[in-house]
There are 2 protein chains.
Amino acid sequence: MKKRPSIKDVAERAGVSMATVSRVLSGDYPVSGETRARVERAVRELDYVVNAHARALHGATSKVVALVVAEVVTPFFARIAAGVEEQATLAHRLCLVCTTHADPDRELDVVRLMREQRADAVILAGGVVENDDYRERMRGYAQGLENAGSRLVLCARPSLGPDFPAISVEYENVGGAHAATTHLLTAGHRKILMVAGPVGLTTSDQRVEGYRSALAMYGLPVDPVMISHGPWDRDGGYLRMRALLESGPEFTAIFAGNDGVAAGAIAALREAGRRVPDDVSIVGYDDVPSAADFNPPLTTVRVPQAELGRTAVRLATESSRETSGREHVMLGTHLVIRDSVRPLAG
Amino acid sequence: MKKRPSIKDVAERAGVSMATVSRVLSGDYPVSGETRARVERAVRELDYVVNAHARALHGATSKVVALVVAEVVTPFFARIAAGVEEQATLAHRLCLVCTTHADPDRELDVVRLMREQRADAVILAGGVVENDDYRERMRGYAQGLENAGSRLVLCARPSLGPDFPAISVEYENVGGAHAATTHLLTAGHRKILMVAGPVGLTTSDQRVEGYRSALAMYGLPVDPVMISHGPWDRDGGYLRMRALLESGPEFTAIFAGNDGVAAGAIAALREAGRRVPDDVSIVGYDDVPSAADFNPPLTTVRVPQAELGRTAVRLATESSRETSGREHVMLGTHLVIRDSVRPLAG
DNA sequence: CTGTTAGCGCTTTCAG
DNA sequence: CTGAAAGCGCTAACAG
């Protein structure tokens, strides 16, 4: 295993100076055709590739954008990641992906690693528990990243205000929940259970807010027992629905915090002999790719995850000095009507 | 935006030499407690972080593993990615993700980028069309990567033989298909349609092979018209099933090349008034997370994607000089029985 | 234990 | 158009 060739080797082989090699490699510089050809041949013969690190030592940043998420398996994050990767490629950037498992310590480590890498942008994606600790942490990141020449992007989570030195890309989370609930309401349902996520998690809280506002719009009171908080994956939905069925309030419809919860709830409902949608209607959130294959096909709220990811990278890589990395964009959501909601009989 | 501090600034502020700073930063070196404290304080006050690039300029590689896949949204790849990321983190590596959209040119670009980055390992994951061009390309990668000190890992695709200088991590793809088909056979089905992927794609071809071998084991002939090749996503499954229903052979069961195809096929079947599993049984492949929520819950083959990803990284980061990056591991698959198969009536 | 001094591989003035 | 030389920020001998 011989040592890999450096620009010096190429220069020697081509009989030119290192500077010349560097010039033909970077392209944008007048070099005589003959010299260029010789260098290119040497490069090919040596199978030479530049050392990105040596190169990055000069410029301020390093042509990579980093995506930091809690985890990467759920369709929600996978689709954000796909959008980020796609746009990063378009912007001639590499895409680094890290997970935190929602652990602030891990997040701290990861953001710092990204600083070490001199990433152009660090994209923090997904809901969070938005307490003081969080805000302070973000302020620290923003500062550290900013005077390292890279930008912080908050994606699929609330903006921290127009004065906060970060780009934000949100989606109409509250609006989507409002629309979902309204859909149930217009179908005549009044006893609507909301099976939400953990208390405090922004994504879930906003969805609860949309649920509340829709009810309010109909002049209906919000009964706290109709809102269940807890883990919002399939298991959480299944377990909580089972408990609710056993000793919970009456209901004719369910607004599930996300499609995973909806899947679990449907399974529990079916086990209990309640037919969906004949006996109980349900709407989900996120529109995971398989929502159309659920039984019944799930009416749910489509979230533009890929677009969130793309936009995050686009803003981060294009943002001009004027805006100084403080822009804020809000993407829309919309209800996808399938077959899990029925007008209330009677 | 002032310039970011370098190790020199820290040294000055702490009143020591750069070497000393470097030593306390790397940790593994005797430094007096007092000096260490002073350096650490300076680091904190300056909010200093090392420059990973400058550091990487010394060592041969750069603590990153790269994952190269066709795309990142489907659960199959998302789960491999999750495994890779997880294990990379354990091995104190960063995880770079790139997509090729199955375009060889793009793949070439990406692998070269990874070489520029001095990645420890480059993991190529997912099925491929295994022609001469492919083999030659891989040989080129392996060579380039090898004498750059990093390793090539072939993941979820066939090994290129024990002499090929790459690590391979496969799963029992043929075996899983064999088991799936046998499951249908033991339920009494004889007219089994195989809705496979594109001809030549290793993943699909192996599944067809398992289908054939199971039939052969039962002494049954393999009728070519019973095997449909084409795009193997939900749409492909839907469209092809519709065509098959209109003017295809008779069948009582279906072996779908993957769960997406199964979902599409089920949708088409239902539209045509054929009940699943009462009229036709079906088994899928991959066991996507939502397979249990399909209508009916889908019997399918579980593939250990996360484990494939983890193993790929583990072998790449742990492989010793003796094995010289040539190991080959095969992971198991198994049938997950749910509710989409019924014994053939009569 | 600590400082000095070479580079690592590349880009970029500054001179030809 | 091309070359020489000065670093970029860090680590790794080599001396104290």
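Quick caveat: nothing in here was measured; it's all calculated off a predicted structure. (Residues numbered from 1 in each chain as written. Chains lettered and ligands numbered in written order. Predicted model: local features only at pLDDT ≥ 70, side-chain atom pairs only at ≥ 80, totals over all residues. Heavy atoms only, no water.)

Quick notes on the nonpolar core
Working step 1: By size, the foremost hydrophobic cluster in this structure holds 150 residues, and its most contacted members are Phe255 of chain A together with Phe255 of chain B.
Working step 2: In this structure, Val110, Leu145 and Leu152 of chain A together with Met114 of chain B belong to the second largest nonpolar core, which totals 46 residues. (Core = buried A, V, L, I, M, F, W, Y, C linked by side-chain atoms within 4.5 Å. Buried < 20%, exposed > 50% of the residue type's maximum accessible area, 1.4 Å probe, protein only.)

Examining the sheet that holds strand β7 (residues 227-228) of chain B
Residue and element names in this part refer to chain B.
Working step 1: Taken together, the four strands give an open sheet; going across it, the order is β7-β6-β8-β9, and neighbouring strands pair in parallel fashion. Looking at strand neighbours, the two that pair on one side only are β7 and β9 (281-283), the edges of this open sheet.
Working step 2: Where strand β8 (residues 253-256) and β9 come together, three bridges link them in parallel fashion. Looking at β9, one finds that Phe255 is bridged to Val283.
Working step 3: Together, β6 (192-195), β7 and β8 form the strand contacts of helix α9 (residues 202-217), whose direction differs from that of β6 by roughly 170°.
Working step 4: Against the sheet, helix α10 (residues 234-247) contacts β6, β7 and β8, and its axis sits at roughly 145° relative to β6. (Pairing = 2+ DSSP bridges. Helix = DSSP H or I, 4+ residues; strand = E, 2+ residues; numbered from the N terminus. Contact = heavy atoms within 4.5 Å. Axes fitted to C-alpha atoms, helices over the stretch in contact; angles between N-to-C directions.)

Some thoughts on empty space enclosed by the protein
Working step 1: Enumeration according to the criterion identifies four cavities of 30 Å³ or more in this entry.
Working step 2: Considered as a void within the structure, the largest cavity measures approximately 90 Å³ in volume.
Working step 3: Taken together, the elements giving at least two residues each to the lining of the largest cavity come down to α5 (75-90) and β2 (94-99) of chain A together with α5 (75-90) and β2 (94-99) of chain B.
Working step 4: Residues belonging to the lining of the largest cavity are distributed by class as follows: 10 nonpolar, no polar and two charged.
Working step 5: One number sums up the size of the second largest cavity: a volume of about 70 Å³.
Working step 6: Lining the second largest cavity are His53, Ser62, Val64, Leu94, Leu96 and Gln117 of chain A together with His53, Val64, Leu94, Leu96 and Gln117 of chain B.
Working step 7: Of all the secondary-structure elements, those providing two or more residues to the lining of the second largest cavity are β2 of chain A together with β2 of chain B.
Working step 8: For the lining of the second largest cavity, the residue count by class is six nonpolar, five polar and no charged. (1 Å grid on protein atoms, 1.4 Å probe; cavity = no way out; pocket = protein on both sides within 12 Å on 5 of 7 lines; lining within 4 Å. Points joined across faces, edges and corners; volume = space filled by probe spheres on them. Nonpolar A, V, L, I, M, F, W, Y, C, P; charged D, E, K, R; others polar.)

Overview of helix α11 (residues 259-271) of chain B
Residues and elements named next belong to chain B.
Working step 1: Its 13 residues place the ends of α11 18 Å apart at the C-alpha level, agreeing with the 18 Å of an ideal helix rising 1.5 Å per residue.
Working step 2: For α11, the complete set of buried residues consists of Asp259, Val261, Ala262, Ala263, Gly264, Ala265, Ile266, Ala267, Ala268 and Leu269.
Working step 3: On its buried face, α11 is in contact with β6, α10, β8, β9 and β10 (300-302). (Expected span 1.5 Å × (residues − 1).)

Let's talk about the relation of the copies chain A and chain B
Working step 1: Each copy superposes on the other: chain A lies on chain B with an RMSD of 0.1 Å after a rotation of 180° and an axial shift of 0.0 Å. On the angle and the small slide along the axis, the relation comes out as a two-fold axis.
Working step 2: Both copies share a contact surface, since 100% of the interface residues of chain A are interface residues in chain B too. (Least-squares fit on C-alpha atoms with pLDDT ≥ 70 in both.)

Looking at the protein's contact with DNA strand D
Working step 1: For DNA strand D, the set of nearby residues contains 26 residues, the closest of which are Arg23, Thr35 and His58 of chain A together with Ile7 and Tyr48 of chain B.
Working step 2: Backbone atoms, meaning sugar plus phosphate, form 58% of the atoms of DNA strand D positioned within 4 Å of the protein.
Working step 3: Here a phosphate oxygen of DNA strand D and a backbone polar atom of Asn51 of chain B are 3.2 Å apart.
Working step 4: If you list the elements that add at least two residues to the surface near DNA strand D, you get α2 (18-26) of chain A together with α2 (18-26) and α4 (52-56) of chain B.
Working step 5: Here the element with the most residues in the surface near DNA strand D is α2 of chain B; it accounts for four residues. (Near = heavy atom within 4 Å. Polar contact = N/O pair within 3.5 Å; in protein donor to acceptor, adjacent residues only side chain to side chain.)

Some details on the protein's contact with DNA strand C
Working step 1: Looking at DNA strand C, there are 26 residues lining it, with Ile7 and Tyr48 of chain A together with Arg23, Thr35 and His58 of chain B nearest.
Working step 2: The separation between a phosphate oxygen of DNA strand C and a polar main-chain atom of Ile7 of chain A is 2.3 Å.
Working step 3: In this structure, a base nitrogen belonging to DNA strand C sits 2.7 Å away from a side-chain N or O atom of His58 of chain B.
Working step 4: Of all the elements in the fold, those that place two or more residues in the surface near DNA strand C are α2 and α4 (52-56) of chain A together with α2 of chain B.
Working step 5: Residue contributions to the surface near DNA strand C peak at four residues, all from α2 of chain A.
Working step 6: Class assignment for the residues of the surface near DNA strand C results in 13 nonpolar, nine polar and four charged.

Describing the UniProt feature "domain: HTH lacI-type" (unreviewed entry) in chain A
Working step 1: This chain's UniProt record puts "domain: HTH lacI-type" (unreviewed entry) on residues 5-59 of chain A.
Working step 2: Taken as a whole, residues 5-59 of chain A contains 65% helix and 0% strand, while its terminal C-alpha atoms sit 22 Å from one another. (UniProt positions renumbered as here; feature names shortened; annotations may be inferred.)

A short note on the interface of chain A and chain B
The parts lose accessible area when they come together, and the size of an interface is often stated as this lost area.
Working step 1: Of the residues lining the interface, 48 residues belong to chain A; the matching set on chain B comes to 48 residues.
Working step 2: For the pair chain A and chain B, the two sides together bury roughly 4,700 Å², of which 55% comes from carbon and sulfur.
Working step 3: If you sort the residues of chain A by the area they bury against chain B, Arg4, His53 and Arg118 of chain A come out on top, with a joint share of 16%.
Working step 4: Applying the counting criterion to the chain A and chain B interface returns four salt bridges.
Working step 5: One salt bridge connects Arg115 of chain A with Asp47 of chain B, and the closest N-O pair in it is separated by 2.7 Å.
Working step 6: Connecting chain A to chain B are 21 residue pairs in polar contact (both at pLDDT 80 or more). (Buried area = accessible area lost by both parts, 1.4 Å probe. Salt bridge = Lys/Arg side-chain N within 4 Å of Asp/Glu carboxyl O.)

Considerations on helix α8 (residues 173-186) of chain A
Residues and elements named next belong to chain A.
Working step 1: Helix length check: α8, at 14 residues, gives a terminal C-alpha distance of 20 Å against a target of 20 Å (1.5 Å per residue), a fit within 8%.
Working step 2: Along α8, the residues that are buried comprise Asn173, Gly176, Ala177, Ala180, Thr181, Thr182, His183, Leu184 and Leu185.
Working step 3: Within two residues after α8, Gly188 carries a phi angle of roughly 95°, on the positive side.

Observations regarding the sheet that holds strand β6 (residues 192-195) of chain A
Residues and elements named next belong to chain A.
Working step 1: A sheet is described by the order of its strands in space; here four strands give the open sequence β7-β6-β8-β9, paired in parallel fashion. Only two strands of the sheet have a single partner each, and these edge strands are β7 (227-228) and β9 (281-283).
Working step 2: Those strands touched by α8 are β6, β8 (253-256) and β9, and its axis lies near 170° from that of β8.
Working step 3: In the packing of helix α9 (residues 202-217) onto the sheet, contacts are made with β6, β7 and β8, and the angle to β6 comes to roughly 170°.

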